[in-house]
Amino acid sequence: WYKGAKEGVVIAGGQGQGNALTQLYGPQGLFVDTVGTLYVVDAGNNRVMRWTRQATQGTLIVGGNSAGAGANQLNGPY
């Protein structure tokens, strides 16, 4: 939300579960840093996603392949 905003913008969700960059599957937590970047732990997709200001889709930070299959992979992160 921007100061004075009257409505928000959907950047993920509302499109059913899935693994597209605009979808989540079992989000478990979120964090917003000091510059307004949003991070979401997407447990069902074994990944951490990031949305920068005015982004229309997320960016994969880590994970996203088969659970735990690789050096940069996660298995059900919370």
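Residues numbered from 1 in each chain as written. Predicted model: local features only at pLDDT ≥ 70, side-chain atom pairs only at ≥ 80, totals over all residues. Heavy atoms only, no water.

An unreviewed UniProt entry annotates the protein chain as NHL repeat containing protein of Rotaria magnacalcarata.

### A few points about the overall build of the protein chain
Within the protein chain, the secondary structure is distributed over 0 helices and 4 strands. Its helices and strands in sequence order give the protein chain the pattern β-β-β-β, from N to C terminus. With the principal axes as the frame, the protein chain shows a C-alpha extent of 45 × 30 × 20 Å. When contacts within the protein chain are restricted to residue pairs at least 6 apart in sequence, long-range pairs at least 24 apart make up 27% of them. (Helix = DSSP H or I, 4+ residues; strand = E, 2+ residues; numbered from the N terminus. Contact = heavy atoms within 4.5 Å.)

### Regarding the sheet that holds strand β2 (residues 38–42)
Backbone-to-backbone hydrogen bonds join strands into a sheet, with any given pair of strands oriented parallel or antiparallel. On the basis of which strands lie adjacent, the open sheet formed by 4 strands has the order β1-β2-β3-β4 and antiparallel pairing. In the strand order of this sheet, the two ends are held by β1 (27–32) and β4 (59–63), each with one partner. Neighbouring strand axes in the sheet, compared pairwise and without regard to direction, differ in orientation by 20° on average. Where strand β3 (residues 47–51) meets β4, 4 bridges bridge the pair, whose relative direction is antiparallel. Its bridge partner being in β4, Arg50 is matched across the sheet by Thr59. (Pairing = 2+ DSSP bridges. Axes fitted to C-alpha atoms, helices over the stretch in contact; angles between N-to-C directions.)

### Here we look at the side chain of Asn45
Here Asn45 is to be found in the loop between β2 and β3. Relative accessible area serves as the criterion here: at 12%, Asn45 is assigned to the buried category. Of note is the side chain of Asn45, whose polar atom sits 2.8 Å from the side chain of Asp42. (Buried < 20%, exposed > 50% of the residue type's maximum accessible area, 1.4 Å probe, protein only. Polar contact = N/O pair within 3.5 Å; in protein donor to acceptor, adjacent residues only side chain to side chain.)

### Examining the pattern of salt bridges
Evaluated as defined, the whole model comprises 1 salt bridge. One salt bridge connects Arg47 with Asp42, and the closest N-O pair in it is separated by 2.8 Å. The residues Arg47 and Asp42 share a single accessibility class, namely buried. (Salt bridge = Lys/Arg side-chain N within 4 Å of Asp/Glu carboxyl O.)

### Focus: the pairing of β2
By the bridge criterion, 5 bridges tie β1 to β2 in an arrangement that is antiparallel. Along β2, the bridge assignment pairs Phe31 with Tyr39. Taken together, β1 and the strand that follows it, β2, pair antiparallel across an intervening segment of 5 residues, in which Gly36 is found at a positive phi of about 90°. Note: β2 against β3, 5 bridges, orientation antiparallel. Bridge assignment links Tyr39 to a residue of β3, and that residue is Arg50. Connecting β2 to the next strand, β3, in antiparallel fashion are 4 residues, including Asn46 with a positive phi near 55°.

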